[in-house]
2 protein chains.
Amino acid sequence: MTPKGFIFSTVEASIKKPGHRDIGLIFSEVEANIAGVFTTNAVKAAPVLICMEKIKSGRGQAIIVNSGNANACTGKKGLKDADKIISAVAEQLDVKDSTVYICSTGVIGAPLPMKKILPAVKSLTQDIGRSSMDDVADAIMTTDTFPKIISKRLKIGGGYGLISGICKGAGMIAPNMATMLCFILTDIAVERKTLSTILKSSVKKSFNRITIDGDMSTNDTVLMLSNGLLGNEPITAESADFDKVLKAVDEITYGLSKMIVSDGEGATKLVEVFVRGAKNDSDAEKAAFAVSNSLLVKTAVYGCDANWGRIMAALGSSGVGFREEKTDISFNKIKAVKGGISNNRDEEATGVLKGKQIKITIDLHAGDSSAKVLTCDLTETYIRINAEYRT
Amino acid sequence: MTPKGFIFSTVEASIKKPGHRDIGLIFSEVEANIAGVFTTNAVKAAPVLICMEKIKSGRGQAIIVNSGNANACTGKKGLKDADKIISAVAEQLDVKDSTVYICSTGVIGAPLPMKKILPAVKSLTQDIGRSSMDDVADAIMTTDTFPKIISKRLKIGGGYGLISGICKGAGMIAPNMATMLCFILTDIAVERKTLSTILKSSVKKSFNRITIDGDMSTNDTVLMLSNGLLGNEPITAESADFDKVLKAVDEITYGLSKMIVSDGEGATKLVEVFVRGAKNDSDAEKAAFAVSNSLLVKTAVYGCDANWGRIMAALGSSGVGFREEKTDISFNKIKAVKGGISNNRDEEATGVLKGKQIKITIDLHAGDSSAKVLTCDLTETYIRINAEYRT
């Protein structure tokens, strides 16, 4: 199932190792409203700089995405190359340059192999409609081990609309999204500013609350297209169906976030770090990220060791306000720490850590704020992937 | 060679796996001046809390140190246990309680095995003088692979004084020292406040500028004892020999820091990250730590891959003020990045990374400040050690 009016193509341009499609094209048969969220890294890839400019118009019709090369730290040439690709797509699809968006992911610092890409664009536009949304999800993978796609069907007015999201993640996933590309398509008409409001709100609660290794990418991009082909009255913040759409986008982005973390490079376990009883929201988030990003916590989880002392140490160095002697820590339902000291349940807690999904709950008893961060364990495989990624 | 008047003993109390001495005792035959620097982690181990209180008097005569158990997150019982050990040492050595210091390193959250420790204290005090300073360096190791000791001989007035430092490190080494214990002993008389000034200044430039995994310990402690047995006029900030002593302590702490990083858990390479041209000191330090703590940078170094894009990404997410297009990055003398883009010397740079000691120089061209941080690569062995540390 795909939202009405969206068609796709994919191609193998040999940017990466041969044997894998590495460019995808998403096309809406009619011009659509578009919203976007981008990396907050000060070093932004050329395609990110270009999309940030284009998104101001709020209109879009095509997205071309390549993996294997990030087109980051490529200077003016990087911008020119991206513009050339956009022009080629626009010309061949007979749409306005301003409605074509571009995203890249992969190695930083190498120029795009334009001699491979420009001919590939030709076959992409010729073959438009021959691939599925799943194929695009597959083509944008880098070190992902599986394509990530989630769809939601919604009753809007008299008909049924569809919202579908695909994404890639795997490495460099950190506080603010990381090398993460996500495309959400819907045939439900959503008013321009409302689309942006919904997307930003959902990203805040999902992609911005996951971490794999604490690094933030130069290329993170989330784009959402609404082409309105369902024919409904455009959704605004005042619409009866606003909450329904927001909830669906929340579920899609949160679901995709969970998939990204489960598929974190080398990850064997999905860990939800839930901090409650924090003084304020900022403290709750800071504490949850400090624990989620601690290498010692992540390796202990990998080793199935309920080594809560490392969690206490991470909390202590996070800079948040709390008192050691008031802190409780649980692994799933096993309260291993009560009032800052051992509750003598380490063995049961270690049993919990043998599972694939673990919830670590930390109660600081310092206030009423809470935050949840998704992370994964850190394994030898992460090291291997990242020591060998480029060579 | 050992500074005059310092004697030692070590014992195997089976706190850790059998076959390894795990408690050391340092004793000065006369009461000495003492200075200390402690972890800034909000969660502080019992021995740290006790030493921080005692150090106010500026006087000390004995230090007892155990490995295998951190006595952290152990509540009131932890404080009582530490006090009991101190009292036993003081009584058996016939010195004041207030001059006996205690340090612990190892697993967090488990109570000290007092039934093993108290009898061990007895043999420690009986055997005082039977071990060397090297033996103590050996007894305080946890996952260190070699004992760490550096001595400097200094001409002070008419005689020769000695300053000797030992330390342990290996894991959890981060911005502010980490599970790092360091003891510096000297027979040179140094006035109390001057001793503290010297130690703080040296620690700032050495132990606080190293990072292995970004985690900060609950137990970090650096203690320096000056017993004055050389018989010199006590050194003050106004003494002709002040600079000489400061320089020697700088060299000892920096040398020990280098040893700690070289012996970082699983490390195969020592990396010096030097940031210059930063707007101010804080930016320089922040940028150097961001690069030093990036898992992607550390794994690339391990893989001998001059993947400077990951360095740019780490700089970009560090929050420091700089412009991508002005940034230069060199690996030893090979400038791989000039003006933010590839200088087409990646192959030579990769050659540099095959060495054991690498200097990464980052010039932000944004100002006149600089900072240097020592770090190491991140390997499968780090994961293995930390996944299996407690179990």
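Reading the values: the criteria
- Every chain is numbered on its own, with residues counted from 1 as its sequence reads.
- In the order they appear in the text, chains get letters beginning with A and ligands get numbers beginning with 1.
- This being a predicted model, a pLDDT of at least 70 is required before a residue's local features are given, and a value of 80 or more before pairs of side-chain atoms are given or counted; all residues contribute to the totals for chains, interfaces and linings.
- Comment: elements are numbered from the N terminus, with helices defined as DSSP H or I runs of at least four residues and strands as E runs of at least two.
- The atom set for the radius of gyration is the C-alpha atoms, and the globule formula is 2.2 Å times the number of residues raised to the power 0.38.
- Two residues qualify as being in contact provided that their C-beta atoms, derived from the backbone, are within 7 Å of each other.
- Residue type decides the class: Asp, Glu, Lys and Arg count as charged, Ala, Val, Leu, Ile, Met, Phe, Trp, Tyr, Cys and Pro as nonpolar, and the leftover types, Gly among them, as polar.
- Residue-level confidence of the predictor, termed pLDDT, takes values from 0 up to 100.
- Residue ranges for the domains trace back to a domain assignment, done automatically or taken from a database.
- For our purposes the nonpolar core covers buried Ala, Val, Leu, Ile, Met, Phe, Trp, Tyr and Cys residues that link as a set through C-beta atoms within 7 Å.
- Every C-beta atom is placed from the backbone, and the number of other C-beta atoms within 10 Å of a residue's own sets its class: buried at 20 or more, exposed at 12 or fewer, partly exposed in between.
- Superposing the copies works by least squares over the C-alpha atoms of residues that have pLDDT at least 70 in both of them.
- We treat two strands as partners when DSSP finds at least two bridges between them.
- In this description, a line fitted to the C-alpha atoms serves as the axis of each element, helices being fitted only across the stretch in contact, and the angle between N-to-C directions of two axes falls anywhere from 0 to 180 degrees.
- Under this scheme an angle from 65 to 115 degrees is roughly perpendicular, one under 35 degrees roughly parallel, and one over 145 degrees roughly antiparallel; angles in between are oblique.
- Helix crossings are classified by the rotation of the near helix relative to the far one: an anticlockwise turn of less than a right angle makes the crossing left-handed, while a clockwise turn makes it right-handed.

Draft legend 1. Looking closely at the overall build of chain A. Along its length, chain A carries eleven helices and 14 strands. Over its C-alpha atoms chain A spans a radius of gyration of 22 Å, differing by no more than 12% from the 21 Å that the globule rule assigns to 391 residues. Dimensions of chain A along its principal axes, counting C-alpha atoms only, are 70 × 55 × 35 Å. Summarising the internal contacts of chain A: among those between residues at least 6 apart in sequence, 79% fall at separations of at least 24.

Draft legend 2. Representation of the interface of chain B and chain A within the structure. Taken together, the contacts link 50 residues of chain B with 50 residues of chain A. Elements with a minimum of two residues in the side of chain B that touches chain A: α8 (295-302), α9 (308-316), β12 (341-342) and α11 (380-388) of chain B. With eight residues, α9 of chain B is the single largest residue contributor to the side of chain B that touches chain A. Classifying every residue of the side of chain B that touches chain A gives 21 nonpolar, 19 polar and ten charged.

Draft legend 3. How the structure looks around the confidence of the model for chain A. Residue and element names in this part refer to chain A. Model confidence for chain A is summarised by a mean pLDDT of 91, while 95% of its residues fall at 70 or above. Confidence drops under pLDDT 50 across residues 172-178; counting only partners more than four residues distant or on other chains, this segment forms 35 contacts. Per the prediction output, this complex has pTM 0.82; the corresponding ipTM is 0.77.

Draft legend 4. Here's a closer look at the domain arrangement of chain A. Domain annotation for chain A reports domain 1 (6-262) and domain 2 (270-388). Taken over C-alpha atoms, the centre of domain 1 of chain A sits 33 Å from the centre of domain 2 of chain A.

Draft legend 5. Representation of the nonpolar core. Judged by nonpolar contacts, the single largest core of 258 residues is most densely connected at Ala287 and Val291 of chain A together with Ala287 and Val291 of chain B. In this view, Val291 of chain B contacts Val273, Val297, Ile311, Ala314, Leu315, Ile360 and Ile362 of chain B; residues no more than four positions away in its chain are not counted.

Draft legend 6. Looking closely at the relation of the copies chain B and chain A. Its rotation angle being 180 degrees, the transformation that places chain B on chain A also includes 0.0 Å of axial translation and leaves an RMSD of 0.0 Å. On this basis, the relationship between the two copies can be described by a two-fold rotation axis. Among all C-alpha atoms of chain B, that of Glu380 of chain B lies closest to the rotation axis, at 2.3 Å. An overlap of 100% is found between the interface residues of chain B and their copies at the interface of chain A, pointing to a shared contact surface.

Draft legend 7. Structural context of the pairing of strand β5 (residues 148-156) of chain A. Bridging between β5 of chain A and strand β6 (residues 159-168) of chain A involves nine bridges; their strand directions are antiparallel. In the strand pairing of β6 of chain A, Lys152 of chain A is matched with Ile163 of chain A.

Draft legend 8. View of the sheet that holds strand β13 (residues 357-363) of chain A. Residue and element names in this part refer to chain A. With mixed pairing, six strands are arranged side by side in an open sheet as β12-β11-β10-β13-β9-β14. The outermost strands of the open sheet, each flanked by one partner alone, are β12 (341-342) and β14 (369-376). Here helix α6 (residues 242-262) sits on the sheet and contacts β9 (270-278) and β14; the angle it forms with β14, its principal contact strand, is near 45 degrees.

Draft legend 9. View of the environment of Val352 of chain B. One can find Val352 of chain B in helix α10 (residues 346-353). Non-local contacts of Val352 of chain B, meaning those with residues more than four positions away in its chain, are made with Phe331, Asn332, Ile334 and Ile358 of chain B.

Draft legend 10. Highlighting unusual backbone geometry. A positive phi angle is found at Asn71 of chain A, which is not glycine, with a value near 45 degrees. Positionally, Asn71 of chain A belongs in the loop between β3 (59-69) and α2 (75-93). C-beta crowding within 10 Å serves as the criterion here: with 30 such atoms nearby, Asn71 of chain A is assigned to the buried category. In this structure, Asn344 of chain B takes a positive phi of about 55 degrees despite not being glycine. Summarising the element assignment, Asn344 of chain B is placed in the loop between β12 and α10.

Draft legend 11. Broad picture of the packing of helix α2 (residues 75-93) of chain B against helix α3 (residues 114-126) of chain B. All names here are of chain B. Two numbers describe how α2 lies on α3: the axes approach to 9 Å, and their chain directions differ by 20 degrees. Comparing the axis directions of α2 and α3 gives the class roughly parallel. Handedness of the α2/α3 crossing: right-handed. Here α2 contributes Asp81, Lys84, Ile85, Ala88, Val89, Gln92 and Leu93 to the contact with α3, which in turn contributes Met114, Ile117, Leu118, Val121, Lys122 and Thr125. Residues of the contact of α2 with α3, tallied by class, amount to eight nonpolar, two polar and three charged.

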